[in-house]
Every structure is written in structure tokens, then in C-alpha cells.
Amino acid sequence: MTHLPESALHELRASLEAEQVSLQEELAMYGKRDTTTGEWEGSSADETTMEEADPTDAADQIEELLTNVPLVADLQKRANEVDDALDRMEKGTYGTCEVCREPIPLERLEANPAAKTCIAHT
Ligand SMILES: [Zn+2]
């Protein structure tokens, strides 16, 4: 089981859940969900009108895509990390370094509740 006190775990879970909610909001804002994989990808605000749009609008949309694709990829990565952390809480392996199996210090988890490794294995 975990070395973390129940109260700390409770707080860390609350912050992970809050982060998951805001990540999902941001993903919905900048991306669209692939219905087969359930993963998000970057999209421009209104792709459907791309063909009819005048060249300036089209250029704006492409620029938006160029910004949103890496942004959404980052958000998705973070969302996966947060999901994994919540999973580990369910399994009781949360707060343990996945490299050396040593407990991750609470201060580190407070700074990043999704941390998977101790400081030595960052
Ligand atoms: Zn370690």
C-alpha cells in the first residue's frame, strides 16, 4: 500500500480530479475527439466551412490548426498522466516510483500529483 496518509491522498485525488475536469474543458475548446480512439486532436474552430471560406479565413484556420494540434497533444498527454495517477490510486500503487519502487516524497506529489517517479528518476 501507499506511504501517504489518507488525508494527503484525499487532497491529491481532489486536485487530480479538478485538473482532469479543466483539461477536458480545454481539450473540448481546442480539439475534437476521435470517436474511434476516444483521443483528442487539435482542430480549428470551424473546419467545415474551410472550403467556402475566403483565403484570409482559411489562412487563419490553418494557423489555428498549427497552434492547436501541438497544444491538444500536450493537453492529451497530461490528461493521460492524470488518468494514470487516478488509476494508480484505485490500485493502491499511487505515490511509488515506477523505476525504483521507492515512495515519492509528498512535497513532490503536491507539486505534481501525477508524478510517476521519485526525484532521482525524473
Ligand atoms: Zn525512483
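Everything below is about the structure printed above this text.
Residues numbered from 1 in each chain as written. Predicted model: local features only at pLDDT ≥ 70, side-chain atom pairs only at ≥ 80, totals over all residues. Heavy atoms only, no water.

Student: Would you mind going over the coordination of the zinc ion with me for this structure?
Tutor: Six octahedral donors at a metal ideally form angles of 90 or 180 degrees, and four tetrahedral donors ideally form angles of 109.5 degrees. Listed as protein donors to the zinc ion are Cys97 (SG), Cys100 (SG), Cys118 (SG) and His121 (ND1); their distances from the metal cover 1.9 to 2.3 Å. Angles of 95 to 116° at the metal separate the four donor atoms of the zinc ion, which places the site in the tetrahedral class. Mapped onto the sequence, the donors of the zinc ion take the spacing C-x2-C-x17-C-x2-H. Of the two residues, Cys97 sits in the loop between α2 (55-91) and α3 (106-111) while His121 sits in the segment after α3, which places them 24 residues apart along the sequence. (Donors = N, O, S within 2.8 Å, 3.2 Å for Na, K, Ca; no water. Tetrahedral: all angles 85-135°; square planar, octahedral: opposite > 155°, others 65-115°. Helix = DSSP H or I, 4+ residues; strand = E, 2+ residues; numbered from the N terminus.)

Student: Could you clarify how one ought to interpret α2 in this entry?
Tutor: Given 3.6 residues to a turn, an α-helix orients residues that are three or four positions apart in the same direction. Taking 1.5 Å per residue, 37 residues should reach 54 Å; α2 reaches 53 Å between its end C-alpha atoms and fits that length. At the C-terminal side of α2, Gly92 shows a positive phi close to 80°. (Expected span 1.5 Å × (residues − 1).)

Student: Quick question: what am I supposed to make of the side chain of Gln20 here?
Tutor: Of note, Gln20 is situated in helix α1 (residues 6-30). For Gln20, a relative accessible area of 12% gives the class buried. (Buried < 20%, exposed > 50% of the residue type's maximum accessible area, 1.4 Å probe, protein only.)

Student: Explain the environment of Arg13 to me, please; I cannot follow it from the model alone.
Tutor: Looking at where Arg13 falls in the secondary structure, it is placed in helix α1. Judged by relative accessible area, which is 28%, Arg13 ranks as partly exposed. Those residues in contact with Arg13 that lie beyond four places of it in its chain are Leu86, Met89 and Glu90. Polar side-chain contacts of Arg13 include one of 3.2 Å to the side chain of Glu90. (Contact = heavy atoms within 4.5 Å. Polar contact = N/O pair within 3.5 Å; in protein donor to acceptor, adjacent residues only side chain to side chain.)

Student: I'm lost on the nonpolar core in this one. Help?
Tutor: Side chains of a nonpolar character, in soluble globular proteins, are inclined to be buried together. Of all hydrophobic cores here, the largest spans 21 residues; its most connected members are Leu16, Met89, Tyr94 and Leu109. Elements with a minimum of two residues in this core: α1 and α2. Sorting elements by how many residues they give to this core places α2 first, with seven residues. (Core = buried A, V, L, I, M, F, W, Y, C linked by side-chain atoms within 4.5 Å.)

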